[in-house]
Amino acid sequence: MLLSTTDGDVLDAAEALGEELAAMQSDADDFEFETVLKQCNEAISEETGIQYDDVCDTGDCC
């Protein structure tokens, strides 16, 4: 099943994820937060087919 999304839907989802990550960062230790952040980036890459570290030139840190 192919889902149709609008730019607004994508931006809303990204904003919600950013808010959740910001809240988690204040409660988690650095290792735990970095682990969750990497998992999010991997999931986004799998869904979109875009490698986050290639697009943002982050190297291996995210």
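Residues numbered from 1 in each chain as written. Predicted model: local features only at pLDDT ≥ 70, side-chain atom pairs only at ≥ 80, totals over all residues. Heavy atoms only, no water.

## Some details on helix H2 (residues 30-48)
Residue pairs three or four apart in sequence face the same way in an α-helix, which turns once every 3.6 residues. For the record, the criterion: Going along the chain from the N terminus, every DSSP run of H or I of four or more residues is numbered as a helix, and every run of E of two or more is numbered as a strand. To estimate the expected span of a helix, count its residues, drop one, and scale the result by 1.5 Å. Relative accessibility thresholds used throughout: buried, under 20% of the residue-type maximum; exposed, over 50%; partly exposed, between the two (1.4 Å probe, protein chains only). In this description, the arc belongs to the directions extending from the helix axis to the C-beta atoms. Any pair of nitrogen or oxygen atoms within 3.5 Å is treated as a polar contact; in protein, a donor-acceptor pairing is required on top of that, and neighbouring residues in sequence qualify only through side-chain atoms on both sides.
In a regular helix each residue adds 1.5 Å, so 19 residues correspond to 27 Å; H2 covers 27 Å between its end C-alpha atoms and thus fits that length. Every buried residue belonging to H2 is among Phe 33, Cys 40, Asn 41 and Ser 45, and all of these are buried. Buried residues along H2 cover an arc of 135 degrees about the axis, so they all sit on one side. Within H2, the exposed residues directed more than 90 degrees away from the buried face are Phe 31, Glu 42, Glu 46 and Glu 47. For H2, the side-chain oxygen to backbone nitrogen distance between the N-cap and Phe 31 is 3.1 Å, and the N-cap itself is Asp 29. One or two positions beyond H2, positive phi appears at Gly 49, with a value near 80 degrees.

## Details of the confidence of the model for the protein chain
Worth spelling out the cut-off: What pLDDT reports is the predictor's confidence in each residue, on a scale of 0 through 100.
Per-residue confidence for the protein chain gives a mean pLDDT of 80; residues scoring 70 or more make up 77%. Across the protein chain, the secondary-structure element scoring lowest on mean pLDDT is helix H3 (residues 52-56), at 66, and the one scoring highest is H2, at 88.

## Quick word on the pattern of salt bridges
Defined as follows: Counted as salt bridges are all cases of a side-chain nitrogen of Lys or Arg within 4 Å of a carboxyl oxygen of Asp or Glu.
Enumeration according to the criterion identifies one salt bridge in this entry. Put simply, Glu 34 and Lys 38 hold a salt bridge, and the shortest N to O gap is 3.3 Å. Here the residue Glu 34 and the residue Lys 38 both occupy positions in helix H2, the gap between them amounting to four residues, near one helical turn.

## Here we look at the layout of surface pockets
To find the voids left in a structure, one rolls a probe of water-molecule size over its atoms. To be explicit about the condition: Put plainly, a pocket is an open set of points on a 1 Å grid over the protein atoms alone with protein on both sides within 12 Å along at least five of seven lines, a cavity is a set where a 1.4 Å probe fits but cannot get out, and a lining residue has an atom within 4 Å of a point. Grid points are joined across faces, edges and corners, and a volume is the space filled by probe spheres set on the points. Under the scheme applied here, ten amino acids are nonpolar (Ala, Val, Leu, Ile, Met, Phe, Trp, Tyr, Cys and Pro), four are charged (Asp, Glu, Lys and Arg), and all others, including Gly, are polar.
In this structure, the largest pocket spans a volume of roughly 360 Å³. Along its surface, the largest pocket is lined by Thr 5, Val 10, Leu 11, Ala 13, Ala 14, Leu 17, Cys 40, Ala 43, Ile 44, Glu 47 and Thr 48. Counting residues per element, the ones that place at least two in the lining of the largest pocket are helix H1 (7-27) and H2. Among the residues making up the lining of the largest pocket, the classes are represented as eight nonpolar, two polar and one charged.

## Focus: the packing of H1 against H2
To keep things clear, this is the line we draw: Axes here refer to lines fitted to C-alpha atoms; in helices the fit is confined to the stretch in contact. Angles between the N-to-C directions go from 0 to 180 degrees. Under this scheme an angle from 65 to 115 degrees is roughly perpendicular, one under 35 degrees roughly parallel, and one over 145 degrees roughly antiparallel; angles in between are oblique. Less than a right angle of anticlockwise turn of the near helix away from the far helix marks a crossing as left-handed, whereas a clockwise turn marks it as right-handed. The contact criterion used is simple: two residues touch if any of their non-hydrogen atoms lie within 4.5 Å.
Packing of H1 against H2 brings their axes to within 10 Å, and their N-to-C directions diverge by 165 degrees. Comparing the axis directions of H1 and H2 gives the class roughly antiparallel. Here H1 runs over H2; the crossing is right-handed. When H1 is examined against H2, the residues Leu 17, Leu 21, Met 24 and Gln 25 are found in contact with a partner set consisting of Glu 32, Phe 33, Val 36, Leu 37, Cys 40 and Ile 44. Broken down by class, the residue content of the contact of H1 with H2 amounts to eight nonpolar, one polar and one charged.

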